[in-house]
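# Structural characterization, general
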Amino acid sequence: PILGDYLYMTLLDTNGGSALAVRWKNEVPDLLLHFKERGEVSVTRMDPGEAPDKDDDLAVGENVHDFLGGVEALREFARGDDAESVICAMKKSVTSIYAMILKLEGLETVELSGSRVQCRKYEVRLSYACPLAIDPGTTIEDLRTSHFPEKSSAEVSALFHRVTGADTPAAVTGRRFAFPVSVAVFNRVMNREREFEGPFGLDESLTLWCDPSTGMPVKIRGSFHGATVEFELSGGG
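Positions within a chain are numbered from 1, following the residues in the order the chain's sequence is written. Thresholds applied to this predicted model are a pLDDT of at least 70 for local features of residues and 80 or more for the giving and counting of side-chain atom pairs; totals over whole chains, interfaces and linings are not thresholded and use all residues. Note: side-chain values were computed over all heavy atoms of the structure, leaving out hydrogens and water.

### As for the overall build of the protein chain
Here a helix means four or more residues in a row that DSSP labels H or I, a strand means two or more in a row labelled E, and each is numbered from the N terminus. For the protein chain, the helix and strand inventory stands at four helices and 14 strands. A 1.4 Å probe rolled over the protein chains alone gives each residue an accessible area, and that area as a share of the maximum for its type sets the label: buried under 20%, exposed over 50%, partly exposed in between. Counting over 237 residues, the protein chain shows a buried share of 41%. Total accessible area on the protein chain stands at roughly 12400 Å², and carbon and sulfur atoms take up 49% of it. Using a 1.4 Å probe, the Shrake-Rupley method yields the accessible areas, and only the shown protein chains count as cover for residues.

### Considering the pairing of strand β12 (residues 202-210)
Note on pairing: DSSP must find at least two bridges between two strands before they are called paired. Both strand β10 (residues 115-133) and β12 contribute to a ladder of six bridges, which runs antiparallel. When the bridges of β12 are listed, Val124 appears paired with Leu206. The pairing of β12 with strand β13 (residues 217-224) spans six bridges and is classified as antiparallel. The residue bridging Cys210 from the neighbouring strand is Pro217, located in β13. Hairpin connection, β12 to β13: the antiparallel pair is bridged by six residues, and Gly215 has positive phi, about 75°.

### Considerations on the packing of aromatic side chains
Only the six-membered ring of Trp is used, alongside the rings of Phe and Tyr, when aromatic pairs are assigned; centres must lie within 6.5 Å, and planes under 30 degrees apart are stacked while those over 60 apart are edge-to-face, with the rest tilted. Taken as a whole and judged by the stated rule, the model has seven aromatic pairs. Lying over the aromatic face of Trp209, Lys219 brings its terminal NZ or CZ to 5.5 Å of the ring centre. The rule for a charge over a ring is simple: NZ of Lys or CZ of Arg within 6 Å of the ring centre, and within 35 degrees of the ring normal.

### Observations regarding a nonpolar patch on the surface
A contiguous nonpolar patch, built from Val229, Phe231 and Leu233 and spanning about 220 Å² of accessible area, is present on the exposed surface. Relative to the helices and strands, Phe231 is located in strand β14 (residues 227-232). When its relative accessible area of 34% is taken as the criterion, Phe231 is described as partly exposed. Patch rule: a residue counts if its relative accessible area is over 30% and it has no salt bridge; like charges are joined within 9 Å, and nonpolar side chains (Val, Leu, Ile, Met, Phe, Trp, Tyr) within 5 Å. Throughout this description, the term salt bridge denotes a Lys or Arg side-chain nitrogen within 4 Å of a carboxyl oxygen of Asp or Glu.

### Quick notes on the pattern of salt bridges
According to the stated counting rule, one finds eleven salt bridges in the structure shown. A salt bridge links Arg175 to Glu62, with the nearest nitrogen and oxygen atoms 2.9 Å apart. Separated by 113 residues along the polypeptide, Arg175 in the loop between α3 (153-164) and β11 (176-181) and Glu62 in the loop between β6 (58-59) and β7 (64-65) bring together distant segments of the chain. Given the relative accessible area of 26%, Arg175 is considered partly exposed. Its relative accessible area of 29% is what places Glu62 among the partly exposed residues. A salt bridge links Glu204 to Arg125; the shortest N-O distance between them is 3.7 Å. In this pair, Glu204 is assigned in strand β12 and Arg125 in strand β10, connecting sequence segments 79 residues apart. Judged by relative accessible area, Arg125 falls into the partly exposed class, the value being 41%. Within this structure, Glu72, Arg75 and Arg79 form a network of salt bridges that share partners.

Any link to function would need more than the numbers given here.
Set out below in structure tokens:
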């Protein structure tokens, strides 16, 4: 269960290893996302009383997960030694890809269900993400001009490496990745007129604590629908 009426399930194909993410609202299946290789996903709408309506394959980016896949990617990151990461997850469509940009702040002991647990503390920035194809001849400066005008070339280069694992666009020519972008760039690229609203009403800035042994997120502080709250996500196990 995710926040009230929403349910989410990830089914794993034991033969091919691909994920089928099924989303429900009010316990009625309404969307099936089939993640494929090379950053594509097919969307099948499961409206009650109607035949399933399959959309064309959408190119979302090799680094895009369904929401539960994003949680597992977070756990893997929080168990490791890296201090920064970018994790992208898709809610419903290519206009609902979110990026979680994490930066390790250090270790901190927190109270969880009456126990004191030492956790890794992360400052988190949420943003929209846009799929971006790396065309032949693309340079870091090209990417900065088209998608990251607010960043320096050095910042774009560092972000590019965190997302793709490559030092230069030439190393990943022909591939597609989702990158976190500003709301202004998102609206221009996606032809939208939005203010930022994170999944389930999350605001852009959060603080997250994770158990270092399991990677499990255990506590979160931030603004939800305009109200600042702090709550436990698990007992720390």
